[in-house]
Every structure is written in C-alpha cells, then in structure tokens.
Amino acid sequence: MALTFPTFSQPLVIGGFELANRVFVAPMAGVTDRPYRQLCKRLGAGYAVSEMAASNALLWATEKTSRRINHEGEASPKTVQIAGADPAMMAQAARFNVDRGAQIIDLNMGCPAKKVCNVAAGSALMQKPELIGRIITAVTEAVKADGIAVTLKMRTGWDRENRNALQIARMAQDLGIAMITIHGRTRADKYQGNAEYDTIAQVKSQIQIPVVANGDIDSPEKAKMVLDYTGADAVMVGRAAQGRPWIFRQIAHFLETGEKPPDPTEDEIARWLKDHLEDHYRFYGEYIGVRTARKHIGWYLKGLPGVKLFRETLMELESVQEQMAAIEKFFSTQHEPSYQ
Ligand SMILES: Cc1cc2nc3c(=O)[nH]c(=O)nc-3n(C[C@H](O)[C@H](O)[C@H](O)COP(=O)(O)O)c2cc1C
C-alpha cells in the first residue's frame, strides 16, 4: 500500500536531534514520569516531553520537582517542560534544567489546571500574547549559547470566540520557537466536547516550523485521519496512552504500512506492566511507588474480567511484594476456564 502521509518516513529533526518517529507521548503531570516515558519510547513513541516543572526556584529542591526533571538514562532528546508566567523566572528555570541535562525546553501554554492558571500560567497565558512573547524571548536568549531548541505547547485559544493560536504561532515562529504542539481545544473547553482540528490545519498551513497535532487521538485510524486532515508533522497522544504504552508502535506501524497490528496479548500486557512497575518502584522507592502505581495498574487492566474487585484489593496493598503478587495472581486467573 502506498504511503498516504508522505513525510512520515522522513525523520523530524528538532534542535539537532533526529526523532525516532512522528508519534509522540504527551506530557501529563503525574503520569509521564521517567519510567513511563522510557517504556513509551521502548514501545514505539518517537518523542516524549517530561511532566511540567514549576519555574519557581523555591520548588526545585523539593523531592517532587527534582523527580519531575530527572532524565538519567533516558534516550535523547531529553525534553523538560516548564510552566510559569514570569519571563525572568522562566529563563532561570530553563537554564537550571539545561545545566542538569535537558536538551530541549518546552514551554507550557496549554494546561488548564487551576494550580497553574491561578498564577496566570499554562493556557491562561493565551489571553496575553505580549507576555508569551516576552517569555519566549527570555527563554530562548537564556539557552541560545548551548544551541538548545525551545518548543511551545498550547491550545487553540482561550475560548471559542478567541481562537488566537495562529497569531501566537506566527509570533512564536518569528521569535525562534522550533516546534509547536496544539491541543485542539480552547482553554475554556477544558477537556469537554471533542477536539477540533480546523485550527491546527489553519496554523500548519500558515507557518513553516513543525506543528504537532494533539487531542483525542486514540487509535491508529484516528492518528492517520488527524495527520491527513491537518497536514501536521506529527501526532501527540496523551490519555489514550494511559495503561496502553504500546499504542505508539501500533500507530507508527499503521502510518508506515497501512496495516493495523493486533492488540497485545494478555501475556504481553502482563510483561510490560511488570517491567513498568519494576522501574517505577526503583524510581520512587517502595512507599510512594506502591501508591502511585495503583492508577497505572488500573489503566492497564481496564476492561479485563474481574478488574473492579481487583482495584479495591489493590488499594489495601502497601508493599511491592504484595502488589506484584496480586498482579501475578490476577493474570493467572484470567487464563482459568470459566464455568458460568
Ligand atoms: C492527567 C493529565 C496531566 C496533564 N499534564 C500536562 C502537563 O503537565 N503539561 C501539558 O502541557 N499538558 C498536560 N496535559 C495535557 C496533555 O498533554 C494533552 O494536551 C491533552 O491531554 C490532550 O491530549 P489527549 O486527548 O491525547 O489526552 C495533561 C493531561 C492530563 C490528562
């Protein structure tokens, strides 16, 4: 079958790094930590951005933030996303992360979370293009000498009457941003309704730097539809990859060949979940690791028989050994014949 997405087989180069493919994992606070990013990359994601890190220097020494900006052993490029509204603080945060190994800096103008937006950061910044301009200038200046690329992630606008993504994208391109990711919703939409791809298509047709399409991509077919519709250079997948890190290779395979690969077997899911958890426990230690693993485990097992009851059991288990043993048992009972 002929390739319908002509540029897919050509590598995308950002800041001197050739990305493995054009299917990216979205930054998700509390989800895309280092163990998960590494697994996504192993299972086909061409690129991963860290969870956002605060630009407030007072937080850098906290355990949570230092974990969020930890990239030890991760495949390049190592991209750290920063969030904030003060140009000087953002520049300082970018420098801090570059000095600690970040190879690309991503600016978050897309997150509607209250914690971020209370200080008018994240997607609230879309209401203040002039401030975005000052942030971009300060950050690009701060890391220019190291040849570090700065990218931007944003929404389509701040509400449906004010879809100003094109205006911001043009300005960002002029100020030296290397790639723009657009989530096809406005800030006011939060996560409601369906993502729209017209604004992404419009931006892509008007600017020269790479554009990444994001929002509601949950299958190989949808990824292809969004790429065809928008002409974007890559797709980014967030929620649909929770507990399904293999979705990246399924999408990449479909885009390359036009054939849809089969879903993984339960044995494969069990193996990848266990690999993920081992890395997760090593990264967080037992106490935090066991607790933060629960949501990942729930996502992996979604749809399997008996998962509802298993989730309740899971909440009571507090050690690595108990959690792993329960998962082993859960998967072994999946193979038992049903006499109902
Ligand atoms: C739990 C969660 C955390 C998120 N955290 C971030 C973040 O730290 N930075 C960011 O730019 N976007 C964040 N997002 C937005 C995603 O990157 C993505 O733009 C959004 O989920 C839409 O893509 P999807 O439909 O594929 O999930 C987050 C989304 C979710 C669900």
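Right, let's walk through the structure included here. Here the structure is a predicted model, which means the values were calculated and not measured.

A short note on helix α3 (residues 87-99)
No. 1: Between its terminal C-alpha atoms α3 stretches 18 Å, which fits the 18 Å expected from 13 residues at 1.5 Å a residue.
No. 2: By the burial criterion, the buried members of α3 are Pro87, Met90, Ala91, Ala93, Ala94, Phe96, Asn97 and Val98.
No. 3: Tucked into the core, α3 has its buried residues touching β5 (79-83), β6 (104-109) and α5 (129-143).
No. 4: N-capping of α3 is provided by aspartate 86, with a side-chain oxygen placed 3.1 Å from the backbone N of alanine 88.
No. 5: Directly after α3, the chain includes glycine 101, whose backbone phi takes a positive value near 105 degrees.

A short note on the sheet that holds strand β8 (residues 180-186)
No. 1: Taking strand neighbours around the barrel as the criterion, the 8 strands line up as β3-β4-β5-β6-β7-β8-β9-β10 in a closed arrangement whose pairing is parallel. Within this sheet the neighbouring strands show an average axis-to-axis angle of 30 degrees, counted without direction.
No. 2: Two strands pair when backbone bridges link them, and strand β7 (residues 149-157) and β8 are joined in this way by 5 bridges, in the parallel orientation. When the sheet's bridge partners are listed, arginine 155 is paired in β8 with histidine 183.
No. 3: Across the face of the sheet, helix α1 (residues 34-42) comes into contact with β3 (23-25) and β4 (47-54) while running at roughly 165 degrees to β4.

Concerning the nonpolar core
No. 1: Counting 66 residues, the largest nonpolar core has Ile105, Leu107, Leu152, Met154, Ile177, Ile180 and Phe248 as the members making the most contacts within it.
No. 2: Counting residues per element, this core draws most heavily on α5, at 7 residues.
No. 3: Here isoleucine 177 is in contact with Leu107, Ile136, Val150, Thr151, Leu152, Ala172 and Ile209, once residues within four sequence places are set aside.
No. 4: Within the second largest apolar cluster, 24 residues are counted, among which are Ile269, Trp272, Ala293 and Phe310.

Focus on the pairing of β5
No. 1: Along β5, 5 of the 5 residues are buried, which leaves the element largely enclosed by surrounding structure.
No. 2: Across 4 bridges, β4 lies against β5 in parallel orientation. Bridging across to β5, methionine 52 finds its partner in glutamine 81.
No. 3: In the classification by handedness, the crossover that spans β4, the intervening helix α2 (residues 63-68) and the parallel β5 is right-handed.
No. 4: With 4 bridges joining them, β5 and β6 adopt parallel strand pairing.

Looking at helix α9 (residues 247-257)
No. 1: All buried positions along α9 are accounted for by Ile247, Phe248, Gln250, Ile251, Ala252, Phe254 and Leu255.
No. 2: The first or second residue beyond α9 is glycine 258, which carries a positive phi of 80 degrees.

A closer look at the site of the ligand
No. 1: Neighbouring the ligand are 16 residues; Pro27, Gln81, Asn214, Asp216 and Arg239 lie closest to it.
No. 2: One of the backbone N or O atoms of methionine 52 is found 3.4 Å from an oxygen atom in the ligand.
No. 3: In this structure, glutamine 81 approaches the ligand through a side-chain N or O atom, which is 2.7 Å from a nitrogen atom.
No. 4: Considered on its own, the ligand offers 610 Å² of accessible surface; in the complex 89% of this is hidden by protein.
No. 5: Per-class residue counts for the shell around the ligand are 7 nonpolar, 6 polar and 3 charged.

Points about the environment of threonine 186
No. 1: Relative to the helices and strands, threonine 186 resides in strand β8.
No. 2: On the basis of relative accessible area, threonine 186 is assigned to the buried category, the value being 0%.
No. 3: A sequence separation of 28 residues divides threonine 186 from tryptophan 158, and the C-alpha atoms of the two residues are 5.1 Å apart.
No. 4: Beyond its immediate stretch of four places on either side in the chain, threonine 186 contacts Arg155, Thr156, Gly157, Trp158, Asp159, Arg160 and Arg163.

Description of unusual backbone geometry
No. 1: Backbone torsion omega between serine 76 and proline 77 reads -5 degrees, so that peptide bond is classified as cis.
No. 2: Positive phi, normally seen in glycine, also occurs at aspartate 216, with a value near 65 degrees.
No. 3: Looking at the secondary structure, you find aspartate 216 in the loop between β9 (211-214) and α8 (220-230).

Rules used throughout
- Residues numbered from 1 in each chain as written.
- Predicted model: local features only at pLDDT ≥ 70, side-chain atom pairs only at ≥ 80, totals over all residues.
- Heavy atoms only, no water.
- Helix = DSSP H or I, 4+ residues; strand = E, 2+ residues; numbered from the N terminus.
- Expected span 1.5 Å × (residues − 1).
- Buried < 20%, exposed > 50% of the residue type's maximum accessible area, 1.4 Å probe, protein only.
- Contact = heavy atoms within 4.5 Å.
- Polar contact = N/O pair within 3.5 Å; in protein donor to acceptor, adjacent residues only side chain to side chain.
- Pairing = 2+ DSSP bridges.
- Axes fitted to C-alpha atoms, helices over the stretch in contact; angles between N-to-C directions.
- Core = buried A, V, L, I, M, F, W, Y, C linked by side-chain atoms within 4.5 Å.
- Right-handed = clockwise from strand over helix to strand, strands pointing away.
- Near = heavy atom within 4 Å.
- Areas by Shrake-Rupley, 256 points an atom, 1.4 Å probe, with all protein chains shown as cover.
- Nonpolar A, V, L, I, M, F, W, Y, C, P; charged D, E, K, R; others polar.

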